[in-house]
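So the chains spell out like this:
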Amino acid sequence: MMKTLFFLCAVALVFAGVPSISFNCAKTDDILSGQGITWSPKDVHSNEKLTITAHGTMSQEVTGGDIHVSAKLDGIPVLTKQFDLCDALKQANLTCPIPKGPAQVALTVDIPSIPVHGTVSVEATAVTKASKEITCVSGHVKL
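Within each chain, residues carry numbers counting from 1 in the order of the written sequence. For this predicted model, a pLDDT threshold of at least 70 governs which residues receive local features, and a threshold of 80 or more governs which side-chain atom pairs are given and counted, while totals over whole chains, interfaces and linings are taken from all residues. Values reported for side chains reflect all heavy atoms of the structure, with hydrogen atoms and water molecules removed beforehand.

(A) Structural detail: the sheet that holds strand 3 (residues 49-58). One requirement defines pairing of two strands: DSSP has to find at least two bridges between them. Think of it this way: any DSSP run of H or I at least four residues long counts as a helix, any run of E at least two long counts as a strand, and we number them from the N terminus. Taken in spatial order, the three strands of this open sheet run 2-3-6, and their pairing is antiparallel. Looking at which strands have only one partner, the edges of the open sheet turn out to be strand 2 (32-40) and strand 6 (101-110). Between one strand axis and the next, the sheet turns through 15° on average, direction left out of account. Here strand 2 runs beside strand 3; their pairing, made up of seven bridges, is antiparallel. Residue pairing in the sheet places Ser33 in a bridge with Thr57 of strand 3. Note on method: axes are straight lines fitted to C-alpha atoms, helices fitted across the in-contact stretch only, with angles between N-to-C directions ranging 0 to 180 degrees.

(B) Representation of the sheet that holds strand 8 (residues 133-142). Spatial ordering of the open sheet is given by 1-8-7-4-5, a layout of five strands whose pairing is antiparallel. Two strands lie at the open edges of the sheet, namely strand 1 (20-22) and strand 5 (76-84), each paired on one side alone. Direction aside, neighbouring strands of the sheet carry axes that sit 15° apart on average. Of the pairings in the sheet, the one linking strand 4 (residues 65-73) to strand 7 (residues 119-128) comprises nine bridges and is antiparallel in character. Counted as the bridge partner of Lys72 is Ser121 from strand 7.

(C) A look at the environment of Lys81. Checked against the element boundaries, Lys81 lands in strand 5. Any residue under 20% of the maximum accessible area for its type is buried, any over 50% is exposed, and the rest in between are partly exposed; the area is computed with a 1.4 Å probe on protein chains only. Relative accessible area serves as the criterion here: at 41%, Lys81 is assigned to the partly exposed category. Distance from Lys81 to Ala71, taken between C-alpha atoms, is 9.0 Å for residues ten residues apart in sequence. Filtering out sequence-adjacent residues up to four positions away, Lys81 remains in contact with Ile67, His68 and Val69. Here a residue-residue contact requires only that any non-hydrogen atoms of the pair lie within 4.5 Å.

(D) Layout of the nonpolar core. Residues grouped as a nonpolar core are buried Ala, Val, Leu, Ile, Met, Phe, Trp, Tyr and Cys residues, joined through side-chain atoms within 4.5 Å. Formed by 27 residues in total, the largest nonpolar core has its most connected members in Ile37, Met58, Val62, Ile67 and Ile134. Of all elements in the fold, only strand 2, strand 3, strand 4, helix 2 (85-90), strand 6, strand 7 and strand 8 reach the threshold of two or more residues within this core.

(E) Expanded view of the state of the cysteines. In plain terms, two cysteine sulfur atoms within 2.5 Å form what is called a disulfide here. Scanning all chains against the criterion turns up two disulfides. Bridging Cys25 to Cys136, the disulfide has an S-S length of 2.0 Å. Judged by the sign of its S-S torsion, about -100°, the cystine formed by Cys25 and Cys136 is left-handed. With Cys25 in the loop between strand 1 and strand 2 and Cys136 in strand 8, this pair connects stretches of sequence that are 111 residues apart. An identical accessibility class is assigned to Cys25 and Cys136; each is buried. Ordering the disulfide-forming cysteines of the chain by sequence position, one finds them joined as 1-4, 2-3.

(F) Representation of the environment of Ser70. Assignment of secondary structure puts Ser70 in strand 4. Along the sequence, Ser70 and Ser121 sit 51 residues apart, while their C-alpha atoms lie 8.3 Å from each other. Beyond its immediate stretch of four places on either side in the chain, Ser70 contacts Leu79, Thr80, Ser121, Val122 and Glu123.

This is the structure in structure tokens:
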């Protein structure tokens, strides 16, 4: 469930092309494990809708926290932002606390049209109120 929310932060920067998304920044002791993300359509273009579905298993209940997002365009930082986890969940019609166990969420977002060229890289990390990492997701797309 959390992966989709983090990816949503990244989606604001993914304007065209086929994104590459991974959990290579996630740690083995993260609260969310066994995660996966799918998106449709597979070939993402500006001015289209993108549906993102994520799933995983929460090892414990999470009552709140933050999402830290950083983005770079061709290696140059263009965004560093922090979001409240529970506020982000509301965008997916979900609420805190996030229960322990299997979790899945699907969201549809609009991909904006922005005349930018280069490679956009995004990393989003979610942490609990006690700063325990829930998960980390990274992605990039060549524009």
